[in-house]
Amino acid sequence: MKELAGIFVFCALVALAPLLTSSGSMLNLIIMTLYAALLGQAWNILGGFGGQFSFGHAVFFGSGAYAMAVLQVKFGWNAWAALPVALALGSAVGAFIGALSFRYGLKGSYFALVTLAFAEVFRILSNTFDFTGAGVGLMVPLKESAADLQFTGKAGYLYLILAFVLAGLLLTWWLKRSRYGAWLQAVRDNEDSAAALGVNVFRVKLAAIMMSGALMAAGGAFYVQLFHYIDPHLAYGPAVSVEALLGPIIGGMGTLWGPLLGAAVLHGLGEFTRGVMGDVPGVNLMAYGVVLILMVTFLPQGIIGLFRRKARDDKKGDSGA
Amino acid sequence: MLEARGLSISFGGLRAVGDVTLSVPKGAIVGLIGPNGAGKSTLFGLVSGFLKPDSGSVHFLGRDITGLAPHLICRLGMTRTFQIVQPFGAQTVRENIAVGAHLRHASRRDALAYAEAVATRVGLAPQLNKLALNLTVAGRKRLELARALATEPQLLLLDEVLAGLNPQEITEVIPVIRQIRDTGVTVLMIEHVMQAVMNLAESVYVLSNGQLIAQGSPAEITGNTRVIEAYLGHGTAERLRKAAEANHA
């Protein structure tokens, strides 16, 4: 219950931001941090809780983004109507990739490579077909009204992405205290043991990749609504896949707040390096790389791991264990 | 309760288990012994659904379960432990056991409460909040046992739960296993620790080179020529008998 309260307090505080500042760049930083957190939350479900490290989460992101753009541009759909279809498509792509790779027991780096390959295949396909605008991409017409899921100011986008992040937080919270979540973490830690205890390993992993895919597709849909444009590289390129896994790895995999914390640290770091080094292209990526190496070496459990370790040391004292 | 008939499996050219037939009656503790590499764990794999036999059948509670997936077999009421303990290391003892409890308890609260009860039965209650990876070997073996018990099985397959324990720990765990049987759980156990087999099992199967070579009460088994030779080499029984006669003379 304490965690649930924490989730709502956090979201309420972030929701106050547009009232406290009208600085566009400040709101933009919050929006982009939340957006990165959403991608991280999506990856965290499958990678952090399920132990299936995907290196091609862009495949879900891009599918959501293209569903959003194609339905609006080619079929004249309303954005609100397109949104559930985008989520469903992300989930369906997850089911497809999951069914194939989990049926044949792909694990570890093999699974990572297969997801990477799928993202590349989708990138090439979207680069080829007129349907997706091919290499030129798709431009979503500007209709700045909430009825079309577009907003005049930054505040609207902040509330939209905050709603998605809230959904991600609640989903993660549920994973931590449900039978399904317990099964998923058991599968992550040891598939044979889980199977011996009556867990349907295949189904559990499939459900995880479908949830992860839907949430990632929400990220893609948001991207299209924010930037009104999508092309094969933005949708299915490796940058999104990397952004999705950096947050949870740095913040703490398989934790509620890890993806948010990781996203905040990365974006804070990005701003800081930009401030110190100026606009040297790619300097923030170098900083990310250094942080990632340091984290993996010294804090494999992420920043959250620091607090956890302390909490456990404190507990040890009174239980005498 | 459990009937295995003519089970065989080969890996490449190696016949790991050949034509093994065994039965475990309800309420019993049955031992399965044999030298290293005899195929005991492979046989467990065949019975519990982790391996599909090349030929033969497995019946559990009168139902043909040959080739059924492990999680479905577990749902029917048979579960196994692993010789090399496989805890969910990143989780606490309580959470580990709850995974097993969730099979028959949907709500998190019920599963955690049941986990606590099971932990008490195997003597893990003081360590409920410890991370599984921080347990000693003996603790991990108990955890393996507790997790399996939490699925509320009718038949429990124990794969060397006593291996790696010191004599003190062994004498502590033996009554735990007996008490598990006394609460109505049938047990089939692979064990190297003869003290435990003699103490617990009513009937013992001996496996050597993938074949069943003997079956009987523990006392019968320890006097069986073929069993002695399987462990100590061909002709040993004859030599031992002669040596004994020479001593008497």
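Preceding this section is the structure that the text describes.
This section reports on the structure supplied with the text. (Residues numbered from 1 in each chain as written. Chains lettered and ligands numbered in written order. Predicted model: local features only at pLDDT ≥ 70, side-chain atom pairs only at ≥ 80, totals over all residues. Heavy atoms only, no water.)

1. Here's the deal with the packing of aromatic side chains
Residues and elements named next belong to chain A.
- Inspection of every chain in the model, using the stated rule, returns 16 aromatic pairs over all chains.
- Ring geometry for W43 versus F53: centroids 5.7 Å apart, planes at 25°, classification stacked. Of this pair, W43 sits in helix α2 (residues 24–49) while F53 sits in the loop between α2 and α3 (58–73), and the two are ten residues apart along the sequence.
- The buried category is assigned to W43, whose relative accessible area is 2%.
- Centroid distance F61 to Y223: 5.8 Å. Interplanar angle 70°. Geometry classified as edge-to-face. With F61 in helix α3 and Y223 in helix α9 (residues 201–227), this residue pair connects regions lying 162 residues apart in the sequence. (Phe/Tyr/Trp six-rings, centres within 6.5 Å; stacked < 30°, edge-to-face > 60°. Helix = DSSP H or I, 4+ residues; strand = E, 2+ residues; numbered from the N terminus. Buried < 20%, exposed > 50% of the residue type's maximum accessible area, 1.4 Å probe, protein only.)

2. Here's the deal with the side chain of Q225 of chain A
- Topologically, Q225 of chain A is positioned in helix α9.
- Filtering out sequence-adjacent residues up to four positions away, Q225 of chain A remains in contact with M68, Q72, A79, D148, L149, Q150 and Y157 of chain A. (Contact = heavy atoms within 4.5 Å.)

3. Quick look at the sheet that holds strand β5 (residues 63–64) of chain B
Residues and elements named next belong to chain B.
- Strand order in this open sheet of four strands is β2-β1-β4-β5, and the pairing throughout is antiparallel. In this open sheet, the two strands that pair with only one neighbour each are β2 (14–24) and β5.
- Pairing analysis gives two bridges linking strand β4 (residues 55–60) to β5, with the strands arranged antiparallel. Of the residues in β5, the one forming a bridge with F60 is R63.
- Along the sheet, helix α1 (residues 40–48) makes contact with β1 (2–11), β2 and β4, crossing β1 at roughly 120°. (Pairing = 2+ DSSP bridges. Axes fitted to C-alpha atoms, helices over the stretch in contact; angles between N-to-C directions.)

4. Concerning the nonpolar core
- Counting 90 residues, the largest nonpolar core has M68, I161, F222 and I230 of chain A as the members making the most contacts within it.
- Contacts of F222 of chain A, omitting those with residues within four sequence positions, involve I31, Y35, Y157, L160, I161 and F164 of chain A.
- Core analysis: the next-biggest nonpolar cluster, separate from the first, contains 38 residues, I97, A101, L162 and I170 of chain B among them. (Core = buried A, V, L, I, M, F, W, Y, C linked by side-chain atoms within 4.5 Å.)

Taken by themselves, the reported measurements are silent on function.
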